[in-house]
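Residue-level structure breakdown
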Amino acid sequence: MKLSTSVTLASAVCVALATSDTVCVPSTGTSSLRDEAERKDILIGSGAINPAYLEDAQFAAVLSEQFNSLSPENELKWSFINPTKGFCNWTIIDRLVDFADEHDMVVKGHGLISSCCDPDFVLDITDFDMFRQTMVEHFEAIMHRYHGKVDRWDVVSEALLDMGGGFKNTTYYHMFGGSRYVGEAFRIAHSADPTARLFLNENLVETIPEKRQEFYDLVSGLVRDNVPLHGIALQMHITEIAPVPGTIKEMVDFFTNLGLETTIAELDVHTLNATLQTEIYGAVMEEALAAGITDISFWGFTDKHLYTWLPGAKPLMFDEEYNPKGAFYSTHKVLAEFVQQA
Ligand code: XIL
C-alpha cells in the first residue's frame, strides 16, 4: 500500500492511499520522528513488525510517517520462514521488504539465529557436518534472496543466558561443542553476503553489570579471532528501572574501541507508571544520541501489538488507537534538540 499526500486536520492527519481511499490517524501536532532523525542522518526504526499488520492502513500510515527503518518480529526466525526442509515462506517477508522499498525505509534483518524457533528438521540433525551445511544453506537462501534489499542482519541473538552466567545451551552450542558457534555463524553469514553488515544482538547487558562484562569478553574474543562482526545490537528492553546513567556511553566507547558500531535494536519500557515511561524513553534516547548511536529501533510502536512480560504494561510510544503518548513526545524532543558534535 503506497501512501501519498497528507492533509493535517485539527486532531488528525489524513493520507490519500493509492487505492483512492483515505486513512486518518491522530495528529501528533509535531514534526515526525523520521523527519527529525533524517536531518541528522539517524535511523529511527520500529522492530517487531509482523507483516500482517501492514494490512491495517492506520498502522502502515504511522509506521511509514514516523520511522525510516523496520525489522520483522518473528517472521524471519528459522521455524517461521523455513518450517520444513525445502520450503520457505517467502511471501510474508517479501511483503515487509516491498513495503520498506515503497516507503524508502531500511530493513534490518532480525532472526537468523535466535534463542527460539528452530524447526524440528534442524533440531533432529545429529551429524555435525550436516548441521553446519544446513546452516550454510539456510543463511544463503535468505541472504541471497534479500541481497541488495536487506543490508544488515542480526546474525546471532541472545547467545548468553538471560541473567548472565554462561551461554544458553542451544542446539548450536551443543552441535559446535561450545560457544564457537557464534563466530562460525558470522563467518557463514559473511560468506553468504560479504557486503552485509553483521550484528550480535543481546539483552539485559545495560542492566546487569556481570552480564555486560561477559558480553564484553565474548565480543573481544570474536574481534581477536577476526570474526566478521560489524556491530552490536543492544536490545534495551527496559523494565521499571532505567540503565544507570553512563552505562550506554561506557558500552559505546568499549565497542568503538574494538572498531564496532553500537545500535539499539528493541527499545521499549515496561512499567505501569506512564510518567516514568516518558522519562526513561527520553533519558535513553538522550544518552544514546550523545554517545554517538545513530541507529535506534523500538520493539514496535503501538500498544495495539505489544509484547510484554509485565502484566498490564503498555511499553510502546503510541496507544492502541495510534494516539501519541508521553514516550513519543520525550523521544521527539530529544531527537529534535539533539545537536551533533562536529
Ligand atoms: C519476541 C516476539 O516479540 C514475541 O512475539 C515472541 O513470542 C518472542 O520473541 N528479543 C528478541 C526478539 O530478539 O526476537 C523477541 O521477540 C523479544 C526479545
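Since this is a predicted model, take the numbers as computed values, not measurements.

The final tally for this structure, using the stated rule, is 19 salt bridges. For the salt bridge of Arg-95 with Glu-55, the shortest nitrogen-to-oxygen distance reads 3.0 Å. Taken together, the residues Arg-95 in helix H4 (residues 90–102) and Glu-55 in the loop between strand E4 (43–49) and helix H2 (57–66) connect sequence positions 40 residues apart. Residue classification places Arg-95 among the partly exposed residues on the basis of a relative accessible area of 21%. Sharing partners across several salt bridges, the network here consists of Lys-108, Asp-151, Arg-152 and Asp-295.

With 16 residues, helix H9 (residues 209–224) should cover 22 Å at 1.5 Å per step; its first-to-last C-alpha distance of 22 Å lies within 8% of that length. Every buried residue of H9 is accounted for by Lys-211, Arg-212, Phe-215, Tyr-216, Leu-218, Val-219, Ser-220, Gly-221 and Leu-222. With its phi angle positive at about 55°, Asn-226 sits one or two positions after the end of H9.

Inspection of the secondary structure assignment puts His-270 in strand E11 (residues 261–270). In this structure, the C-alpha to C-alpha distance between His-270 and Tyr-307, residues 37 residues apart in sequence, is 9.5 Å. Setting aside residues up to four positions removed in sequence, His-270 forms contacts with His-237, Ile-238, Thr-239, Glu-240, Tyr-307, Thr-308, Trp-309, Leu-310, Ala-313 and Pro-315. A distance of 2.9 Å separates polar atoms of two side chains, one belonging to His-270 and the other to Asp-268. Polar side-chain contacts of His-270 include one of 2.6 Å to the side chain of Thr-308.

Moving on: unusual backbone geometry. Phi is positive for Asn-226, which is not a glycine, with a value near 55°. Relative to the helices and strands, Asn-226 is located in the loop between H9 and strand E9 (231–234). Exposure remark for Asn-226: the relative accessible area of 65% places this residue in the exposed category. Residues other than glycine seldom take positive phi values, yet Glu-240 does so here, at roughly 65°. As for its position among the elements, Glu-240 is in the loop between strand E10 (237–239) and helix H10 (247–257).

Assignment of secondary structure puts Ser-64 in helix H2. Relative accessible area serves as the criterion here: at 11%, Ser-64 is assigned to the buried category. A polar contact of 2.9 Å, which involves the side chain of Ser-64, links it to the backbone oxygen of Ala-60.

What counts and how
Residues numbered from 1 in each chain as written. Predicted model: local features only at pLDDT ≥ 70, side-chain atom pairs only at ≥ 80, totals over all residues. Heavy atoms only, no water. Salt bridge = Lys/Arg side-chain N within 4 Å of Asp/Glu carboxyl O. Helix = DSSP H or I, 4+ residues; strand = E, 2+ residues; numbered from the N terminus. Buried < 20%, exposed > 50% of the residue type's maximum accessible area, 1.4 Å probe, protein only. Expected span 1.5 Å × (residues − 1). Contact = heavy atoms within 4.5 Å. Polar contact = N/O pair within 3.5 Å; in protein donor to acceptor, adjacent residues only side chain to side chain.

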